[in-house]
Amino acid sequence: MDTPFTRWHASPRRAAAPYSDGQTGEVRIPLSLFCVDENLRDIDLVLSRAEGEDLLEQLRGALNASSETAFTRRPEVVR
């Protein structure tokens, strides 16, 4: 079932880097929220230091898995 929320996605905000608060340890990741291709608004994803470290580890695992899969399933040139 297609709902309005199934068409939403977030992307890193252009020209904006993640930053942290040295006092609280929070990590803020600037995002742009889209519905299909329409930019609805800019928001920050706010994570605790522990949540940021956990997300980073999960992303590293996902990137390693996807690169290994892409490498082992690389299409061959047909001549």
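Residues numbered from 1 in each chain as written. Predicted model: local features only at pLDDT ≥ 70, side-chain atom pairs only at ≥ 80, totals over all residues. Heavy atoms only, no water.

### A few points about the environment of Thr6
So, point 1. Residue placement: Thr6 occurs in the segment before strand 1 (8-12).
So, point 2. Taking the C-alpha atoms as reference points, Thr6 and Val36, separated by 30 residues in sequence, lie 9.2 Å from one another. (Helix = DSSP H or I, 4+ residues; strand = E, 2+ residues; numbered from the N terminus.)

### A short note on unusual backbone geometry
So, point 1. At Ala15, a residue that is not glycine, the phi angle is positive and equals roughly 60 degrees.
So, point 2. Inspection of the secondary structure assignment puts Ala15 in the loop between strand 1 and strand 2 (19-20).
So, point 3. Relative accessible area serves as the criterion here: at 93%, Ala15 is assigned to the exposed category. (Buried < 20%, exposed > 50% of the residue type's maximum accessible area, 1.4 Å probe, protein only.)

### What to know about the pattern of salt bridges
So, point 1. Tallied over the entire structure, the rule returns four salt bridges.
So, point 2. With its nearest N and O atoms 3.9 Å apart, the salt bridge here joins Asp42 to Arg13. In this pair, Asp42 is assigned in strand 4 (residues 38-47) and Arg13 in the loop between strand 1 and strand 2, connecting sequence segments 29 residues apart.
So, point 3. Here Asp42 falls in the partly exposed class, since its relative accessible area comes to 46%.
So, point 4. Arg49 is the partner of Glu53 in a salt bridge, and the nearest nitrogen-oxygen pair spans 3.1 Å. Within this pair, Glu53 and its partner Arg49 are both found in helix 1 (residues 49-72), separated by four residues, close to a single helical turn.
So, point 5. Take Glu53: its relative accessible area is 45%, and that puts it in the partly exposed class.
So, point 6. Linked through salt bridges whose partners overlap, the residues forming this network are Arg13, Asp42 and Asp44. (Salt bridge = Lys/Arg side-chain N within 4 Å of Asp/Glu carboxyl O.)

### Considering the pairing of strand 3 (residues 27-35)
So, point 1. Of the pairings in the sheet, the one linking strand 1 to strand 3 comprises five bridges and is antiparallel in character. Opposite Ser11, over in strand 3, you have Ser32 as the bridge partner.
So, point 2. Following strand 2, the chain reverses through six residues before pairing antiparallel with strand 3; Gly25 in that reversal takes a positive phi of roughly 85 degrees.
So, point 3. As paired strands, strand 3 and strand 4 are joined by nine bridges and run antiparallel to one another. The residue of strand 4 that forms the bridge with Leu31 is Ile43. (Pairing = 2+ DSSP bridges.)

Keep in mind these numbers describe shape, not what the thing actually does.
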